[in-house]
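Listed here are the chains, written in short residue letters.
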Amino acid sequence: MAFLRSRERSKERFSLLLLDLEEYYFEQHIALLITRSSQKDRKVRGSFKVCSKSIIFDPEDFSEPILKIPLKDCNRIEFVEEKGNPFNENKPSRISIQCEQVYHIKESNVIAPYTNQRGKHKVVFQLEVWNKTEDVVQTLLQLHRASCLDKLGDQTAMIEANLQSRLARSSFDKNNFQSVAERPHMECTVEMVLPLVSNPGHICITDESLYFQPLNSYPEQVIQIRLHSVRRIYKRRHGLRPLGLEVFCTENDSRSDIYLKFYNSADRDEIYYYIATFLENHMTEHTAESYMLQWQRGHISNYQYLLHLNNLADRSCNDLSQYPVFPWVVSDYTSPQLDLTNASTFRDLGRPVGALNQERLDRLLSRFRGMPEPRFMYGSHYSSPGYVLFYLVRVAPEHMLCLQNGRYDHADRMFNSMGETWKNCLDGATDFKELIPEFYGDDCSFLENRLSLDLGRKQNGSMVGEVILPPWSSDASDFLQKNKVALESQYVSEHLHEWIDLVFGYKQRGSEAVAAHNVFHPLTYEGGVDCDSIEDPEQRIAMLTQILEFGQTPTQLFTSPHPQRITPRFHNMTKSPSIDRPTLGEHSAGVSISEGSSFEDLTEESRKLAWANMENLKVINSHKIHKEVVTGIAVTQDGSAIFSTSQDSTLKMFSKELNDFQRSMSFSNMALSSCLMLPDDKTVVCSSWDNNVYFYSVPYGRRQDTLMGHDDAVSQMCWHDERLYTASWDSTVKVWQRDVSSNKKSQFELLGEFEHDAGVNTMALNPAGTLLVTGCKDGTATIWDSSTVTPLHQVQCHCGTIHHISFSPDSRHILSAGADCCLKVTDVQSGMVISSVKAEEEQRCFCWDGNSVLSGGRSGDLFIWDLLSNTVTNRIPGHSGAVTAMWMSEQCTTVITGGEDKQIIYWKSHF
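Calculation rules
- Residues numbered from 1 in each chain as written.
- Predicted model: local features only at pLDDT ≥ 70, side-chain atom pairs only at ≥ 80, totals over all residues.
- Heavy atoms only, no water.
- Helix = DSSP H or I, 4+ residues; strand = E, 2+ residues; numbered from the N terminus.
- Buried < 20%, exposed > 50% of the residue type's maximum accessible area, 1.4 Å probe, protein only.
- Contact = heavy atoms within 4.5 Å.
- Areas by Shrake-Rupley, 256 points an atom, 1.4 Å probe, with all protein chains shown as cover.
- Expected span 1.5 Å × (residues − 1).
- Polar contact = N/O pair within 3.5 Å; in protein donor to acceptor, adjacent residues only side chain to side chain.
- Salt bridge = Lys/Arg side-chain N within 4 Å of Asp/Glu carboxyl O.
- Lys, Arg positive; Asp, Glu negative; His and termini not counted.
- Phe/Tyr/Trp six-rings, centres within 6.5 Å; stacked < 30°, edge-to-face > 60°.
- Lys NZ or Arg CZ within 6 Å of the ring centre and 35° of its normal.
- Pairing = 2+ DSSP bridges.
- Axes fitted to C-alpha atoms, helices over the stretch in contact; angles between N-to-C directions.
- pLDDT = per-residue confidence, 0-100.

Points about the overall build of the protein
So, step 1. Looking only at helices and strands, the protein features 16 helices and 42 strands.
So, step 2. For the protein, buried positions account for 58% of its 911 residues.
So, step 3. Across the protein, the fraction of contacts at a sequence separation of at least 24, relative to all contacts at a separation of at least 6, is 56%.
So, step 4. Put simply, the protein shows about 38,000 Å² of open surface, and 46% of that area lies on carbon and sulfur atoms.

See the structure below:
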């Protein structure tokens, strides 16, 4: 299991889990436990451990039980003088403790509920470090006084003072550096966070490594992490405060290498940003939007995407109050076969667990309506430490015993059966829990009783053993495998965004949560209560304890509807009535996809190959045929003639075959802003700053028509199905219909107008011509239904002018480049900005295939971007001034660019 890594570090049977919650382990001493039997002392050698709320004796002989003595139950702690001490006759050598109860733990090294020995006990320990006996006793007396205080707040304050005093008296031992050449950057006190417990100590970060040195040297003297091995880091909220930092040295594993809790956020942030300098593009790679784009396009599986979202929402396997949450997916736990072609097999992912049973929901809503503010529908959460350990008790029994004061839950309330658990989540009055990632992993041990634990006997007389699985699974491994396939199925892929809206998205809180019947107790939400503002320490600690144990809602990642996944065609899915039949193929992302399917519907292999080899783009030739900035490029279908417009007010024609400049046309004394070639290859259309659009006849070599329809400069044009769209700085886009049979002077009739709040600088049509997107000078992008002139979404996606905007080939996304140096991907369906990357310089124009981008920057260089990782994969020198125009052939093998340097450059992709 993911969070059990801490136990892998140590082979000792002692564990921090033997401590109470919120307790610290301070120090240990080699000692003898002395008991009197038949007038003779019996001595058991072991380790005497001083903790903030208890004393623990860990015998070397595993057949002996570990003893735990709560300090609050101690009546007397004192020295015992021993005459004839061979080391120092004047020093006490023994500690005598009288107490009301002693816990026996792991007797014969068997994990079982603690045995509580009540009554008067006298326990004598003989420490081998004689000269420290007095110090140990003084420490125990001080901690005993703290544990006997009436108020929990006073106890906590006194223990915290003891801890901080210990940390202040110690420092990081630089002898632990792996290299004498290492240069330390920063040192501070922290706590290493583990499930249910934490361990205080010192960290030191150098130019090579991060070191953690526990105050108690447990489980190791020092833990080292090489900075160049770090792959991901996350800031965490811990105890509702921004104090956590989690470090991963793997890309996709849910197990982190270390989770640290700092005592102030300034130290945390400094360490975070220092480590981030060792991660290339860390600050832009790991965002919810970038993962969303990868998931939408099928580059990561549903499982991987949910893991990433949990990570970004502060869910960690080291924090059971914020453990990763996964959805129930399958709702059928009775059928002999699992039919993934039937929608009724699946849980409704658009509803929270509490709303799946309408009868129960009606009762909850009735209570909700009569409740005073703040109202809530569900009194328990879908994720909490108790629910996590409910599922994991068979592999984490010590965690359950720690959480429940040395006891297991009642046998009938244990995790006995998948079917019973699902039924209780549907019908139970207070059971609304979701699942954990282990249900979609590879390790089935949490479903089996491999440790032979005695988990109790149910009322029907049967023992709690392995989890009873549904009839459609042959064993635990088969159950997990089918669960994984269900998670990656067509149905779940099409509906998972609905569950994400509930847990991580816009239906998490507010009026949308009320409408979705998704309202939990106020204490579960971030910002629901400010513990630091509660002056009474008793109330503050009680409130924090309640929050940590009750469960916490993930950090909200999305505030608008999450877009749907672009689902592939699943191999034989409609032909397979049961998952038991071997019809599903294998796929790297856990999804079965038919051969030839594509998320981008690029049917020609040459296009894919061209984009795969775009980094090999080479200059074939270049020509300086304009006197000012090049503003537009148009090419005939056969590629024989290249047209370009410029701010020098001319349209130029260049012959590719003759490799020679052929024609120059001037329509006005103002700059031309763009040009396009009509499908007949006979007409070039040019837009001008003089508010007009000009039509140039290629066969006749003259202007054949002028369209006067705007009150300001025309910035760009689009053409589809005999319709011309013109954008202008007068804040409008106009659509014109061509009628070649008309006898009127102008062949174009105005059909409609798209009104904006700012000047329109760029626009684009989707390949089908059904959608129009416009980019304005104020940074706003608007998606329109082109047939009804209706705005579908208006998105404030840039700070400043949008230079260029375009649909992806599948029409599902829009890419825009702005004066704010950002490239942004917007989802067409939801209008959500799902990816954003900050470039080193302004990108003025681009071409893209939905995943990769070829853009032209202000410096004149061409940039190749991988949008799935938000990284620049190559930078190609080009113009000596900003790239202002770009054209790409249908096969994506030829690129023509124009720039501020007045040049036209012809590029070819070689592969």
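So, helix α12 (residues 476–487)
So, step 1. Between the first and last C-alpha of α12 there are 17 Å, a value that for twelve residues agrees with the 16 Å anticipated at 1.5 Å per step.
So, step 2. Measuring from the backbone nitrogen of Ser477 back to the side-chain oxygen at the start of α12 gives 3.2 Å, which picks out Asp475 as the cap.

As for the side chain of Asn870
So, step 1. Checked against the element boundaries, Asn870 lands in the loop between β38 (862–866) and β39 (871–876).
So, step 2. Judged by relative accessible area, which is 2%, Asn870 ranks as buried.
So, step 3. Within polar-contact distance, the side chain of Asn870 engages the backbone oxygen of Ser836 at 3.4 Å.

What to know about the pattern of salt bridges
So, step 1. Inspection of every chain in the model, using the stated rule, returns 36 salt bridges.
So, step 2. Across the pair Lys423 and Asp427 runs a salt bridge whose closest N-O atoms are separated by 3.2 Å. On the criterion of helical spacing, the pair formed by Lys423 and Asp427 is a turn pair, its members being four residues apart in helix α11 (residues 418–427).
So, step 3. Looking at Lys423, the relative accessible area reads 52%, which means it is exposed.
So, step 4. Members of the salt-bridge network, linked through shared partners, are Arg236, Arg237, Glu246, Asp314 and Glu526.

Here we look at the side chain of Asp501
So, step 1. The topology assignment puts Asp501 in helix α13 (residues 490–503).
So, step 2. With no salt bridge to any partner, buried Asp501 finds its closest opposite charge in Lys507, at an N-O distance of 5.2 Å.

Focus: the environment of Ile77
So, step 1. Relative to the assigned elements, Ile77 resides in strand β5 (residues 74–80).
So, step 2. C-alpha of Ile77 to C-alpha of Val124: the two residues are 47 residues apart in sequence and 9.8 Å apart in space.
So, step 3. Ignoring anything within four residues of it in the chain, the contact list for Ile77 reads Leu71, Ile95, Ser96, Ile97, Val137, Leu140, Leu141 and His144.

Quick look at the packing of aromatic side chains
So, step 1. Applying the stated criterion across every chain yields a total of 39 aromatic pairs.
So, step 2. Lying across the ring of Tyr387, Lys433 places its NZ or CZ 5.1 Å from the centre.
So, step 3. When the ring centre of Tyr700 is taken as reference, the NZ or CZ atom of Arg702 above it lies at 5.4 Å.

Overview of the sheet that holds strand β40 (residues 883–888)
Within a beta sheet, neighbouring strands are joined by backbone hydrogen bonds and run either parallel or antiparallel to one another.
So, step 1. The sheet built from four strands is open, its strands ordered β15-β42-β41-β40 with antiparallel pairing. Of all the strands in the sheet, the pair left with one neighbour each is β15 (617–624) and β40. Neighbour-to-neighbour, the strand axes of this sheet turn through a mean angle of 20°, independent of strand direction.
So, step 2. In this sheet, strand β42 (residues 903–909) lies alongside strand β41 (residues 894–899) in antiparallel orientation, the contact comprising five bridges. Within the sheet, the bridge partner assigned to Thr894 lies in β42 and is Lys908.

Topic: the confidence of the model for the protein
So, step 1. Chain-level pLDDT for the protein is 87 on average; 90% of the residues reach the 70-or-more range.
So, step 2. Low pLDDT, under 50, characterises residues 85–90; the predicted model gives this stretch five contacts beyond four residues in sequence or across chains.
So, step 3. Counting contacts from residues 569–603, a segment whose pLDDT is below 50, to residues more than four positions away or on other chains yields 72 contacts.

Notes on the sheet that holds strand β36 (residues 843–848)
So, step 1. The strand order across the open sheet built from four strands is β36-β37-β38-β39, with neighbouring strands paired in antiparallel fashion. Unpaired on one side and paired on the other, β36 and β39 mark the two borders of the sheet. Pairs of neighbouring strands in the sheet enclose a mean axial angle of 25°, with direction left out of account.

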